[in-house]
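# Coordinate inspection notes
One-letter residues, chain by chain:
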Amino acid sequence: MSPRLTGDESALWQAAARVLDANWTGNATTPSPGLYPHQWGWDSAFICMGLARHRRNRAEQELLSLFRGQWATGLLPHIVFNSVLERQAYFPGPELWRSRKQPAAPRETETSGITQPPLHALAALRLHQCSNDTAASQDFLTRLYPLLVAQHRYLAGARDLGGGGLMSICHPWESGLDNSPVWDRPLAALQPPPSAYAPLRTPLGLPTGADYDRYVWLVTTLRDAGYRDEHLRDVHPFAVEDPLVNAVYLASTHALTEIAGIVGADPGPHREAAWRIHEALLDRLWDGAAGCFRARDLRAGRLLPVATVAAFGPLLDPELPGLHLRALVDLLLSARFAGAAGYPVPTCDIQSAAFDRSSYGRGPTWININWLIWLGASTHGLSVIADLMYGSALRLVRQSGFREFFDPFDGTGRGGHDFSWSAALILDLLAARRAPQAA
């Protein structure tokens with residue numbers, strides 16, 4: 001059981017720092033000891049936010065370790081496998097993805113073949129903003145910049161499956177909210193063969209059964225097609241434009257614009273790309289009748305009906321129009337989300353039949369999602385929302401420790417213990433509160 005983290009903010013800082021130190025492998029930070037033993041792309045970006053406040057040299061190593069798994073196409077995989085572990089240490093492991101059979105994949109390490117929300121340029125920029133050595137930080141950005149450009153070029157090319165300027169995800173694991181109820185309809189439309197692809201045992205609290213079979217079957221179809229862009233565009237049955245994923249994409253594109261200026265590159269193409277994503281979010285994912293952003297199922301040609309925390313992702317857009325901003329704030333504070341949760345923000349509309357307070361992306365509160373909402377609220381000067389996210393995050397870890405996710409009603413910790421991004425983002429929140437200009 002995680003200890004109660006009472007005491008002042010200094011004690012909380014020290015406890016968070018101990019988690020990151022304990023989870024450091026020498027090259028990267030594992031998300032949670034035992035449960036997630038490899039390096040995950042989404043996690044590493046969040047972890048960098050905290051390492052920037054705690055051990056900057058490790059933050060740089062974290063990003064470089066992740067990008068050593070980048071494919072020649074620019075794809076940044078969602079898992080870079082630790083080669084010193086047994087191959088069966090985690091499922092889905094290297095034996096499912098078979099990256100070394102792909103000409104574009106790196107030879108020196110094994111990876112997955114899908115990606116996750118591209119938060120990495122934003123992580124790199126915030127790392128620079130926290131630096132006390134501007135010259136050394138600029139040198140690091142200069143080294144990282146072409147890798148970030150390649151990542152965004154891949155997303156703008158291979159992943160604009162709808163042709164409207166947004167990136168599409170081709171698997172629920174790419175979303176950051178793996179079993180969100182938003183994916184129920186696209187998954188139900190799949191027709192996998194009648195065989196079990198998933199292992200008999202999966203980590204406690206993760207999706208199981210028929211849905212997990214569909215997850216693994218989607219991987220096999222991608223793998224057997226050689227992860228080709230043409231397969232994604234023309235054949236692959238799961239293709240969704242998600243508002244949270246694309247809001248992160250937009251935030252990192254803005255960050256890439258700033259990084260380009262810092263390293264002496266042309267920021268113009270990134271500025272133009274950010275505007276295209278901004279326009280596409282409003283045009284393709286805004287549901288005016290519902291007053292929120294929704295995911296679009298490209299194969300079915302429709303917006304998906306369930307309102308989830310992903311609707312608030314576009315708060316990260318600094319140019320979000322006032323009408324949309326007010327509607328999102330009203331929804332966030334309503335009884336469907338923060339208004340009825342003692343420990344906001346739940347990942348699914350509480351009033352939806354799909355809501356499940358204990359199931360991963362179908363209801364629990366996550367520190368990383370609260371952090372993204374805090375960052376978006378800070379961008380727009382929404383101090384009430386920012387303070388709510390800050391206070392909720394600190395209350396959760398003080399009560400239940402650095403858990404993977406939490407019950408939105410009573411704050412009970414669930415999932416992995418000593419979870420790295422929960423610890424890292426508490427460090428960032430504490431540091432930003434002391435120095436508001438960093439927010």
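Figured I'd write up the structure that's included with this text. (Residues numbered from 1 in each chain as written. Predicted model: local features only at pLDDT ≥ 70, side-chain atom pairs only at ≥ 80, totals over all residues. Heavy atoms only, no water.)

## A look at the overall build of the chain
A count of helices and strands for the chain gives 15 helices and 9 strands. Compactness check: the chain gives a C-alpha radius of gyration of 20 Å against a globular reference of 22 Å for 439 residues, within 12% of the reference. Principal-axis analysis of the C-alpha atoms places the extent of the chain at approximately 55 × 50 × 45 Å. Residues counted as buried form 62% of the 439 residues belonging to the chain. (Helix = DSSP H or I, 4+ residues; strand = E, 2+ residues; numbered from the N terminus. Rg over C-alpha atoms; globule rule 2.2 N^0.38 Å. Buried < 20%, exposed > 50% of the residue type's maximum accessible area, 1.4 Å probe, protein only.)

## Remarks on the nonpolar core
Core analysis: the largest hydrophobic core is formed by 142 residues, its most contacted members being Leu372 and Ile373. Take this core: its biggest share by element is 11 residues, from helix 10 (residues 243-263). Aside from chain neighbours lying at most four places away, what touches Leu372 is Trp42, Phe46, Leu119, Leu244, Val248 and Leu316. (Core = buried A, V, L, I, M, F, W, Y, C linked by side-chain atoms within 4.5 Å. Contact = heavy atoms within 4.5 Å.)

## What to know about helix 10
Across its 21 residues, helix 10 extends 30 Å between first and last C-alpha, which sits within 8% of the 30 Å expected from 1.5 Å per residue. Capping the start of helix 10, Asp242 holds a side-chain oxygen 3.1 Å from the backbone nitrogen of Leu244, two or three residues further along. One or two residues past the end of helix 10 sits Gly264, with phi positive at roughly 85°. (Expected span 1.5 Å × (residues − 1). Polar contact = N/O pair within 3.5 Å; in protein donor to acceptor, adjacent residues only side chain to side chain.)

## Concerning the packing of aromatic side chains
Two descriptors summarise a pair of aromatic rings, namely the distance from one centre to the other and the angle between the planes of the rings. Summed over the entire model, instances satisfying the criterion amount to 23 aromatic pairs. A connected cluster of aromatic rings, assembled from ring pairs, spans Tyr36, Trp40, Trp42, Phe46, Tyr90, Tyr360, Trp366, Trp371, Trp374, Phe405, Phe419 and Trp421. One Lys or Arg, Arg395, reaches over the ring of Tyr343 and ends 4.2 Å from the middle of that ring. Between the NZ or CZ atom of Arg433 and the centre of the ring of Tyr390, over which it lies, the distance is 3.8 Å. (Phe/Tyr/Trp six-rings, centres within 6.5 Å; stacked < 30°, edge-to-face > 60°. Lys NZ or Arg CZ within 6 Å of the ring centre and 35° of its normal.)

## Some thoughts on the sheet that holds strand 6 (residues 296-297)
Whether parallel or antiparallel, the strands of a sheet pair through hydrogen bonds between backbone atoms. Sheet architecture is open: 3 strands sit in the order 3-6-7, paired in antiparallel fashion. Only two strands of the sheet have a single neighbouring strand rather than two, namely strand 3 (240-241) and strand 7 (302-303). (Pairing = 2+ DSSP bridges.)

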